[in-house]
Amino acid sequence: MGPGEAGGPVVTAEGLLKRFGELTAVDSISFRVLKGEIFGFLGPNGAGKTTTMRMVQCVSPRDGGTLELFGMDPRPDARLIKRRIGVVPQDNNLDPEFSSLDNLVTYAGYYDIPREEAVQRSLDLLRFLKLDSKQDVIIEKLSGGMKRRLILARALVNNPDLLILDEPTTGLDPQARHLIWDTLRTLRAKGITIIITTHYMEEAERLCDRLVIMDHGRILIEGPPGELIGRIIGKSVVEIADTPEARACTAGLGARFEVMGDTIRVYSTRVKEDTDAILEGCPGTTVTVRPASLEDVFLHLTGRPLRE
């Protein structure tokens, strides 16, 4: 099966390395992104996510290892690769003096798309992103959610095979965020391969078919979100306030637990038994039981909030 064919690798990295002076920003990581999947990169600030994305986007040369997109190496084939990818940057970098339609048509010109075709593609994309009523509105009159959707439309104007999104829904309200999510699912159903970096655990858990968690330039773990949650945490988390008495009760359970801030988190496979034991051993203690999440996996691996 060749690169880009059904289920085959669209992006393949082996021992990918990037240094800035004495700092190793990306430390010999390996990963594959398969055609038609949504693949996520999670990690604290400084983990190496953005640097990795810049190498994948063919805008930053690697210092070691191998990197292929569609079976091509970015070093000699960056121009060919760029024609097949679309990028949604974290910042809103639309031209503020142009209308929504003009932003798309102008961008299409960079791909040598004939103007008549560029206009039609742009109108179709505005309709697809539910922005057709805003086609003649200048950028400063658009809401934050509209701007993010317009940037996504711009990234699709060249009909890319690979879409790369850096923090696609940061700062958006829940309604706008869900609209972006629905759009990305639709694009995946059409066979477009998608890579995202995100600060939102719920976003990664809901959208990603597979993901990696990075820290200090290295990949800590890789896999489908549900599989990672089950393997690292389990089904449920029992939370209680951190006190010496609570720690004593927890230690006697025989279950894995961690103290984070003022809370003890018990990764339980026997929720009822563990909860009953805590309540019996520490009368008056408030116990909260909830399903395990991707955030639990992240905190277990890195020991710190994602927005640090």
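All values derive from a computational prediction rather than experimental measurement.

Peer 1: What is the right way to read the nonpolar core from this model?
Peer 2: Across soluble globular proteins, nonpolar side chains have a tendency to be buried as a group. Counting 53 residues, the largest nonpolar core has Leu152, Leu163, Leu184 and Ile194 as the members making the most contacts within it. Ranked by size, the runner-up nonpolar core spans 27 residues in total, among them Phe41, Leu162, Ile195 and Met214.

Peer 1: What am I meant to see in empty space enclosed by the protein here?
Peer 2: Any empty space left between atoms is shown by rolling a water-sized probe over those atoms. For the coordinates displayed, the defined rule picks out one cavity of 30 Å³ or more. For the largest cavity, the calculated volume is near 30 Å³. Every residue along the wall of the largest cavity is listed here: Val88, Arg148, Leu152, Leu165, Pro168 and Ile180. Residues belonging to the lining of the largest cavity are distributed by class as follows: five nonpolar, no polar and one charged.

Peer 1: Would you mind showing me how to read the state of the cysteines here?
Peer 2: Here is the idea: a disulfide is a covalent bond, and it sits between the sulfur atoms of two cysteines. Following the criterion strictly, the structure yields one disulfide and no others. Each sulfur of the disulfide joining Cys249 and Cys282 lies 2.3 Å from the other. With the S-S bond torsion at 110°, the cross-link from Cys249 to Cys282 turns out right-handed. On the criterion of sequence distance, the pair formed by Cys249 in helix H9 (residues 244-251) and Cys282 in the loop between helix H10 (271-281) and strand S13 (287-291) is long-range, its members being 33 residues apart. Each member of the pair, Cys249 as well as Cys282, is classed as buried.

Peer 1: Whenever I open this one, the packing of helix H3 (residues 100-109) against helix H4 (residues 115-128) confuses me. Can you help?
Peer 2: Relative orientation and spacing of two packed helices are given, respectively, by the angle between their axes and the distance between those axes. Contact pair H3 / H4: the axes reach a minimum separation of 9 Å and the direction vectors enclose 130°. The angle between the axes of H3 and H4 places the two elements in the oblique class. Of the two possible hands of crossing, H3 and H4 adopt the one that is right-handed. Residues Ser100, Leu101, Leu104, Val105 and Ala108 of H3 form the contact with H4, whose participating residues are Arg115, Ala118, Val119, Ser122, Leu123 and Leu126. When its residues are assigned to classes, the contact of H3 with H4 shows eight nonpolar, two polar and one charged.

Peer 1: Explain the sheet that holds strand S2 (residues 23-34) here, please?
Peer 2: Backbone-to-backbone hydrogen bonds pair the strands of a sheet. The strands run either parallel or antiparallel. One open sheet holds the three strands; their spatial order is S2-S1-S4, and the pairing between them is antiparallel. Edge positions in the sheet fall to S2 and strand S4 (64-69), since each has one partner strand and no second. Strand-to-strand twist of the sheet, defined as the mean angle between neighbouring strand axes without regard to direction, takes the value 15°. Here five bridges tie strand S1 (residues 9-20) to S4, and the two strands are oriented antiparallel to one another. The residue of S4 that forms the bridge with Thr12 is Glu68.

Peer 1: So what exactly am I meant to see when it comes to helix H8 (residues 225-232) here?
Peer 2: Each α-helix turn comprises 3.6 residues. Residues three or four places apart therefore point the same way. All of the buried residues in H8 are Pro225, Leu228, Ile229 and Ile232. All buried residues of H8 lie within an arc of 100° about the axis, which places them on one face of the element. Of the surrounding elements, those touching the buried residues of H8 are helix H7 (201-207), strand S8 (210-215), strand S9 (218-223), strand S11 (256-260) and helix H11 (294-302). Among the residues trailing H8, Gly234 stands out with phi positive, at a value near 110°.

Peer 1: Would you explain the sheet that holds strand S5 (residues 85-88) in this entry?
Peer 2: Taken in spatial order, the six strands line up as S5-S6-S7-S3-S8-S9 in an open sheet, and their pairing is mixed. Two strands lie at the open edges of the sheet, namely S5 and S9, each paired on one side alone. Taken over all neighbouring pairs, the strand axes of this sheet differ in orientation by 15° on average, direction set aside. As paired elements, strand S3 (residues 38-42) and strand S7 (residues 193-197) share four bridges and run parallel to each other. Its bridge partner lying in S7, Phe41 is registered against Thr197. Packed onto the sheet, H11 meets S3, S8 and S9 and runs at close to 30° relative to S8.

Peer 1: Please explain the pairing of S1 as it appears in this structure.
Peer 2: Bridge analysis of S1 against S2 gives nine bridges, and the strand direction is antiparallel. Bridged to Ala13 within S2 is Phe31.

Peer 1: What should I look at first to understand the pattern of salt bridges in this one?
Peer 2: A side chain of one charge can pair with a side chain of the opposite charge when the charged atoms of the two come close. Summed over all chains, the structure comprises 18 salt bridges. Note that Arg218 and Asp27 form a salt bridge whose closest N and O atoms lie 2.8 Å from each other. Residue Arg218 is located in strand S9, and its partner Asp27 is located in strand S2; the two are separated by 191 residues in the primary sequence. Asp27 sits in the partly exposed class, given a relative accessible area of 23%. A salt bridge links Arg62 to Asp73, with the shortest nitrogen-to-oxygen separation between them at 2.9 Å. With Arg62 in the loop between helix H1 (49-56) and S4 and Asp73 in the loop between S4 and helix H2 (74-82), this pair connects stretches of sequence that are eleven residues apart. The class of Asp73 is partly exposed, set by a relative accessible area of 24%. One continuous salt-bridge network, built from bridges that share partners, spans Glu239, Arg265, Arg290 and Asp296.

Peer 1: Even after reading the chapter, I still don't get the packing of H3 against helix H5 (residues 144-155), so can you show me in this structure?
Peer 2: Orientation of H3 relative to H5, taken along the N-to-C sense of each, is 25°, at an axis distance of 9 Å. Taken together, the axis directions place H3 and H5 in an arrangement best described as roughly parallel. For the pair H3 and H5, the crossing hand works out as right-handed. Residues Ser100, Leu104 and Tyr107 of H3 touch H5, and the partners they reach there are Leu150, Ala153 and Arg154. Of the residues that constitute the contact of H3 with H5, the class distribution is four nonpolar, one polar and one charged.

Rules behind the numbers
- Residues numbered from 1 in each chain as written.
- Predicted model: local features only at pLDDT ≥ 70, side-chain atom pairs only at ≥ 80, totals over all residues.
- Heavy atoms only, no water.
- Core = buried A, V, L, I, M, F, W, Y, C linked by side-chain atoms within 4.5 Å.
- Buried < 20%, exposed > 50% of the residue type's maximum accessible area, 1.4 Å probe, protein only.
- 1 Å grid on protein atoms, 1.4 Å probe; cavity = no way out; pocket = protein on both sides within 12 Å on 5 of 7 lines; lining within 4 Å.
- Points joined across faces, edges and corners; volume = space filled by probe spheres on them.
- Nonpolar A, V, L, I, M, F, W, Y, C, P; charged D, E, K, R; others polar.
- Disulfide = S-S within 2.5 Å.
- Helix = DSSP H or I, 4+ residues; strand = E, 2+ residues; numbered from the N terminus.
- Axes fitted to C-alpha atoms, helices over the stretch in contact; angles between N-to-C directions.
- Parallel < 35°, antiparallel > 145°, perpendicular 65-115°, else oblique.
- Left-handed = near helix turned anticlockwise from the far one by under 90°.
- Contact = heavy atoms within 4.5 Å.
- Pairing = 2+ DSSP bridges.
- Arc of directions from axis to C-beta.
- Salt bridge = Lys/Arg side-chain N within 4 Å of Asp/Glu carboxyl O.

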